[in-house]
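Residues per chain, in single letters:
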Amino acid sequence: MRVVIAGGGIGGLATALSLHAAGFEDVVVHEAAEQIRPLGVGVNLLPHAVRELTELGLADRLAGIGVATAELAYFNRYGTPIWSEPRGLDAGYAWPQYSVHRGRLQLLLLEAVVERLGAHAVRTGSRVALTGDVPRAGADGPRVGVKVLRAGTDEVRIGADDLLVGADGIRSAVRAHLFPDEGPPPWNGLVLWRGTTYGDPFLTGRSMIMAGDGTQKFVAYPIATGERTLINWIAERPVDGGSWGPADWNRPADPAEVAGHFADWRFDWLDVPGIITGAEAAYEYPMVDRDPLPYWTAGNVTLLGDAAHAMYPIGSNGASQAIVDARVLACFLARGDLAGYEANRRPVTTALQLSNRRMGPEVVMKLAHDRAPGGFDDVESVVPLAERAGIAASYKRTAGFDPVALNERPSWSVTR
């Protein structure tokens, strides 16, 4: 079987590594960018994703580029604690949780693909477009051809036993071929700003914090430690009226202007406007996702990662779910059961997309604000412990990283 992967991001590269580990040799990744560079800011890898990368033999490399997250903590807009929990090994998982620079993670995966599959396995400046009839759900749909748009146009015909994996992101050309009437990603009216700033460590020094009121929010966590701590931050708030064009993840923003929206968010343990203004650059983009799909697989095409289930950046699950997708796809494909991949993953990610639209575990900040908008002295009287713990545990089950279930689950590793 030949496998063509559209998209050389985290999901596409993890898919190539997973397929190779499962015994597939004829695998090629086509990436539209002329060069894969370490772009972006921070991303979290939850223990279920770290498990998959560990079983791909990347544990030491991952530890070398990431900060092992010790805790996740929620606060209201005044910096008062609402909920905190240990993460990674400190929470009883058999694998850590890492905060890493997205670009460094992508290069780590790229390096591993080139080492294991060869330099020919990743082709940059190579945008995939589909030709032929639109396949419909089910394994017996029409077969598609693939045009590879480079300096010229090479057409690659996918054979009856071959597969195209659309891992080409939220603006996926593969998804658009399967669902040509879908339209652009829906926007929920919130805007995110992201940046990185060198600053002093806060709380444990390996804490991920979220502060807010359910509408306006600030997130921060370290992605590099040492003589200086590099803090990844995300600021979020609604924009009144108007609309948003195509999502541009690298649209520049003025850090000072962003900080103005958080001018009074100065806590004893963190200076939010100071963190924002300390960034060399900030980037602005709309909070968008995709509606859940009725199917991912049609004919000789299937979807993976954001192309299949782009979701709001709630609960730090986007990159992690793409990595899990990759491993599950390789496992079922090695068994000759492509349908099993979708049957396993689509219900999970659909539930997660819908949970994130309801704010997932971050709903505790909204509950605290709704019940005590002026702040509080005793969180127990506002959001009782049983309610807070229940919200956190429910989300872990939905997203697939309940610690007991994850530790006891059989491996997705398989040999073709």
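Refer to the structure presented above.
Below, the structure is looked at part by part. (Residues numbered from 1 in each chain as written. Predicted model: local features only at pLDDT ≥ 70, side-chain atom pairs only at ≥ 80, totals over all residues. Heavy atoms only, no water.)

### Concerning the pairing of strand 5 (residues 71–75)
On any regular strand, side chains alternate: one points to one face of the sheet, the next to the other face.
Stage number 1. Taken across its five residues, strand 5 has five buried, putting it largely inside the fold.
Stage number 2. Here strand 5 shows no split at all, with Glu71, Ala73 and Phe75 on one side and Leu72 and Tyr74 on the other all buried.
Stage number 3. In this structure, strand 5 lies alongside strand 6 (residues 81–86), joined through five bridges in antiparallel fashion. If you follow Ala73 over to strand 6, its bridge partner there is Ser84.
Stage number 4. Linking strand 5 back to strand 6 in an antiparallel pair, the connection comprises five residues, with Gly79 at a positive phi of about 85 degrees.
Stage number 5. Strand direction decides the pairing type here: strand 5 and strand 14 (residues 207–212), joined by five bridges, are parallel. (Buried < 20%, exposed > 50% of the residue type's maximum accessible area, 1.4 Å probe, protein only. Helix = DSSP H or I, 4+ residues; strand = E, 2+ residues; numbered from the N terminus. Pairing = 2+ DSSP bridges.)

### Side note on the side chain of Gln106
Stage number 1. Mapped onto the elements, Gln106 comes out in helix 4 (residues 102–117).
Stage number 2. Exposure remark for Gln106: the relative accessible area of 14% places this residue in the buried category.
Stage number 3. Contacts of Gln106, omitting those with residues within four sequence positions, involve Gly8, Gly9, Leu13, Ile36 and Arg37. (Contact = heavy atoms within 4.5 Å.)

### Some points on the pattern of salt bridges
Stage number 1. Applying the stated rule across the entire model yields 23 salt bridges.
Stage number 2. Its salt-bridge partner being Asp325, residue Arg345 comes within 2.7 Å of it at the nearest N-O pair. Linking Arg345 in helix 10 (residues 338–357) with Asp325 in helix 9 (residues 318–334), this pair joins segments that are 20 residues apart in sequence. Grouping residues by exposure puts Arg345 and Asp325 together as buried.
Stage number 3. Across the pair Arg346 and Glu342 runs a salt bridge whose closest N-O atoms are separated by 2.9 Å. In this pair, Arg346 and Glu342 are both assigned in helix 10, four residues apart and thus about one turn of the helix distant.
Stage number 4. Of the residues examined, Glu342 reaches a relative accessible area of 11% and is grouped as buried. (Salt bridge = Lys/Arg side-chain N within 4 Å of Asp/Glu carboxyl O.)

### Digging into helix 1 (residues 10–21)
It helps to recall that an α-helix has 3.6 residues per turn; residues three or four apart then point in one direction.
Stage number 1. Here helix 1 spans 16 Å end to end across 12 residues, near enough to the 16 Å set by a 1.5 Å rise per residue.
Stage number 2. Among the 12 residues that make up helix 1, 10 are buried, leaving the element largely enclosed by the rest of the structure.
Stage number 3. Check the buried side of helix 1 and you find it contacts strand 1 (3–6), strand 2 (27–30), helix 4, strand 8 (122–123) and helix 9.
Stage number 4. With its phi angle positive at about 105 degrees, Gly23 sits one or two positions after the end of helix 1. (Expected span 1.5 Å × (residues − 1).)

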